[in-house]
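Listed here are the chains, written in short residue letters.
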Amino acid sequence: MNQSSSKGRKKFNPRQKDKSISINERISTFKEVPLGFTPEQAILEAERCLQCSRPRCVDGCPVMVPIKDFISLVKEGKFIEASLKIKEKNALPAVCGRVCPQEDQCEKACVLGKVAEPVAIGKLERFVADYEAVQGTKEEIKPPERLPYKVAVIGSGPAGLTCAAELAKSGVEVYIYEALHEPGGVLTYGIPEFRLPKNIVKREIDYIISLGVKILTNQAVGANISLNEIIRNYDAVFIGVGAGLPRMLNIEGENLNGVYTANEYLTRINLMKAYLFPEYDTPIKRGSEIVVIGGGNVALDAARTALRTGAKKVTLAYRRTESEMPARKEEIEHAKEEGIVFEFLVSPIRFIGKNNTLRAVEFQVMELSEPDESGRRKPVPVIGKTKLINADIAITAIGTVANPLITKNFKKLKTNSRGYIEVDDNMMTSLKGVFAGGDIVTGAATVILAMGAGKKAAQSILAYLKNK
Amino acid sequence: MFEILRKKQISPEGFLIRIKAPQVAQTARPGQFLILRVSETGERIPLTIVNWSRSRGYIDIAFQVVGKTTYLLSKLKEGDAIIDLIGPLGNPSKIERYGTVAFLAGGFGAAAVLPIARAMRKKGNRVLTVLGARSKNYLIFEKELKKTSDVLIITTDDGSKGIRGFVKDGLSEILNSEKIDIAYCIGPAVMMKFTSEETRKHSIPTIVSLNPIMVDGTGMCGSCRVEVGGKTYFACVDGPEFDAHLVNWDLLLSRLNYYKDEEKLAYESILKQR
Ligand SMILES: Cc1cc2nc3c(=O)[nH]c(=O)nc-3n(C[C@H](O)[C@H](O)[C@H](O)COP(=O)(O)OP(=O)(O)OC[C@H]3O[C@@H](n4cnc5c(N)ncnc54)[C@H](O)[C@@H]3O)c2cc1C
Ligand code: FES
């Protein structure tokens, strides 16, 4: 029993914590930071689960992973079965176990969390997925009954991959069109190795390929192949192209050498492996003082990446304060441990350069206003107060917007004022048989929401095809 | 995988490669480019699509060995394959009836000029071309451009062929007897900068095709940003063609040089290995 009664109040075993690699190793390599549970820890953690008759955690999960059931299998030491259980609903468990904001989702809803620390659902998910992969047990994929349909999925991020996996499992022939030379979307080009090792992404994509999905790389729809042509050749289409366009600050000096968008910085490092230059051919500048502008996951990923390229000092400059930072808590903690310097309440006004190369960033000092009707405290400038931070590299991570590649030459595909694709309750766009989901519909969100959208769209696509 | 069907050396460091790429050939238009990668550890580099055959499913690219990637590309043989290739990318040239169109081609810029000049001629324009290079044996596509142009003027820096001087000197020569409605100026950034200074003096609307450093080529990273008329553009999706007289050349030149040291290191180490 993992709980004993004392003074009428239940006491619960503490939540298991996995080990991390040392700070020194962290900042000098791109190795994954948390090591994950040992089998003993996994069982101990699984034993904390109350096995509620009406589990709330599942409601907190956009793809409805059977959390209670898989944890029950972990408790019995049936790790592989647990992993397969998750895969019934989630084709990317090792990814989700690592990057989902569980604190806002399943673990937030966890009933145990009301009286103690919630069950470490994410860490358990990661553990079983990794365990299954290492043990190398091949899941018997019994080919489903083939349906006479062909569907094109545009974009191979979590939305596209999930949609493709669901359709393939139902017997549909699926082709993914991906602009880059590697599939995975943000999982491949955005989220760094130390948080999401690329061999794990590859493993999960290989699983999806094993379901029969075909991935066509080097295919940018709207550029080298038209959406029209795709619509013509398939029974239905899913668009999951993400929100890949970097938002620019539009301030002086933004095009100086040394000013990177986070997209470029992270793509060079993650997709092109510039951190391994010259073994890999794509270079990245290794600065000594690096300033990252922004406060979300992307900014933190850029900052922690910058540190690992050997920078002496990495500053994260955010225009609000820590409590407003949209990044995951775990990432903020990790960044602090690693020595990232946080500068709050500053907003960039100018990049200062010499010979077209960055030297410093000038910031406007901000303060938080009184809460407005929505209760939010907006940052407002403190008139006349500025601050200069020396930098040979600056990385802007102030958000992304919809990439108009697909939509600009295809006016029949309705978008909202910000360029995101409009869909109905069934994820269908203004074009019959063309569905969309993920960041290109919602704006930059999360992996799991994109997966949820991909899954829902797959169900709608199946219904659409059968009624066609 | 994209098979190399034919390979030909066209200048001391320049090559023309024919690649099997039916899908690219199907939609390629003048002014567009592709991005390729030669190995699993390779970088992505943009190259102009020089020529294509829709019916036979091939495309031609031309390049000069200037670094590791082009070096590796030059070492591929017929029958070998390029692992990744995406194209056509970028906006095609606006092929219209302008009247007299001048093409000012510097060095390997001739590769980008050729398909545009052909299309302009076909559209009924009078085509005047200045082809300039360092020296006689660095002139590329001379025969093809001669065929496509009503007038072809050659310039070489060392005077080994044609006018001794730069492309802008060839332009002056043309201007003695012709009125130009629009000019296309394509070549190394410095050449484009100085040549378009000349066309500005003569109030000739001038288009350049810019070649900043690119990564994805689909508008996702911003590596390729250029300043034109004080505004920032992503050359891969907004270009590659821009109004020459509005381009911030100094910015482009310094951005092109940003990785100079790294490029040199990579190139030297591959030369040592081989
Ligand atoms: C650095 C970074 C860190 C993040 N960290 C987290 C995190 O820790 N947890 C979390 O939950 N979320 C995180 N996110 C957000 C999350 O990654 C995204 O919300 C999610 O990936 C969106 O999925 P998607 O499938 O909609 O799009 P994407 O993952 O963006 O995938 C879109 C794919 O479509 C391709 N594409 C684009 N245009 C075309 C076209 N015209 N033709 C063909 N293909 C095209 C792209 O190349 C890409 O591969 C992070 C995002 C970034 C950038
Ligand atoms: S090359 Fe990345 S946006 Fe143009």
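Residues numbered from 1 in each chain as written. Chains lettered and ligands numbered in written order. Predicted model: local features only at pLDDT ≥ 70, side-chain atom pairs only at ≥ 80, totals over all residues. Heavy atoms only, no water.

S.K.: Even after reading the chapter, I still don't get the interface of chain A and chain B, so can you show me in this structure?
M.R.: Taken together, the 41 residues of chain A in the interface contact 40 residues of chain B. Summing the contributions of chain A and of chain B, the shared interface buries around 3600 Å²; its carbon and sulfur component is 52%. Considering only the surface of chain A that becomes buried against chain B, A:Asn255, A:Asp281 and A:Lys285 emerge as the three largest contributors, covering 20% of it. Our count for the chain A to chain B interface comes out at two salt bridges. The partner of A:Lys285 in a salt bridge is B:Glu262, and the shortest N-O contact between them spans 3.1 Å. At the junction of chain A with chain B, the criterion picks out 22 residue pairs in polar contact (both at pLDDT 80 or more). Classifying every residue of the side of chain A that touches chain B gives 20 nonpolar, 14 polar and seven charged. (Contact = heavy atoms within 4.5 Å. Buried area = accessible area lost by both parts, 1.4 Å probe. Salt bridge = Lys/Arg side-chain N within 4 Å of Asp/Glu carboxyl O. Polar contact = N/O pair within 3.5 Å; in protein donor to acceptor, adjacent residues only side chain to side chain. Nonpolar A, V, L, I, M, F, W, Y, C, P; charged D, E, K, R; others polar.)

S.K.: Explanation requested: the site of ligand 1 in the structure shown.
M.R.: All names here are of chain A. Val99, Ala159, Glu178, Arg195 and Val221 are the nearest of the 36 residues found near ligand 1. Val186 places a main-chain nitrogen or oxygen 3.0 Å from an oxygen atom of ligand 1. The backbone of Ala445 places a nitrogen or oxygen atom 3.2 Å from an oxygen atom of ligand 1. Of all elements in the fold, only helix H8 (158-169), helix H13 (297-308) and helix H16 (447-467) reach the threshold of two or more residues within the shell around ligand 1. Of the residues forming the shell around ligand 1, the biggest block, three residues, is contributed by H13. For the shell around ligand 1, the class distribution of residues is 20 nonpolar, eleven polar and five charged. (Near = heavy atom within 4 Å. Helix = DSSP H or I, 4+ residues; strand = E, 2+ residues; numbered from the N terminus.)

S.K.: Sorry, what's going on with the sheet that holds strand E17 (residues 393-396) of chain A here?
M.R.: In sheet architecture, strand pairing relies on hydrogen bonds along the backbone and comes in two forms, parallel and antiparallel. All names here are of chain A. Sheet architecture is open: five strands sit in the order E10-E17-E11-E12-E13, paired in parallel fashion. Edge positions in the open sheet fall to strand E10 (259-261) and strand E13 (341-344), since each of these has one partner strand only. If you compare each strand with its neighbour and ignore which way they point, the axes differ by 20° on average. Of the pairings in the sheet, the one linking strand E11 (residues 289-293) to strand E12 (residues 313-318) comprises five bridges and is parallel in character. Bridging from a neighbouring strand, Ile293 pairs with Ala317 of E12. (Pairing = 2+ DSSP bridges. Axes fitted to C-alpha atoms, helices over the stretch in contact; angles between N-to-C directions.)

S.K.: What should I look at first to understand the nonpolar core in this one?
M.R.: For soluble globular proteins, the rule of thumb is that nonpolar side chains tend to be buried together. Residue and element names in this part refer to chain A. Ranked by size, the top nonpolar core spans 71 residues in total, and within it Ile67, Phe70, Ile71, Val74, Leu167 and Ile461 carry the most contacts. The element best represented in this core is H16, accounting for eleven residues. The residues contacting Ile71, other than those within four sequence positions of it, are Ala46, Cys49, Gln51, Val119, Ile121 and Leu124. (Core = buried A, V, L, I, M, F, W, Y, C linked by side-chain atoms within 4.5 Å. Buried < 20%, exposed > 50% of the residue type's maximum accessible area, 1.4 Å probe, protein only.)

S.K.: Explain the pattern of salt bridges to me, please; I cannot follow it from the model alone.
M.R.: When the charged atoms of two side chains lie near each other, side chains of opposite charge can form a pair. All names here are of chain A. One pass over the structure, following the stated rule, counts 44 salt bridges over all chains. The closest approach of N and O atoms between Glu166 and Lys455, which form a salt bridge, is 3.9 Å. Within this pair, whereas Glu166 is found in helix H8, its partner Lys455 is found in helix H16, the two being separated by 289 residues in sequence. By the burial criterion, Glu166 is buried, and Lys455 matches it. Note that Glu343 and Lys387 form a salt bridge whose closest N and O atoms lie 3.1 Å from each other. Separated by 44 residues along the polypeptide, Glu343 in strand E13 and Lys387 in strand E16 (residues 379-390) bring together distant segments of the chain. Owing to a relative accessible area of 18%, Glu343 belongs among the buried residues under this scheme. Taking the relative accessible area as the measure of exposure, Lys387 reaches 33% and is therefore partly exposed.

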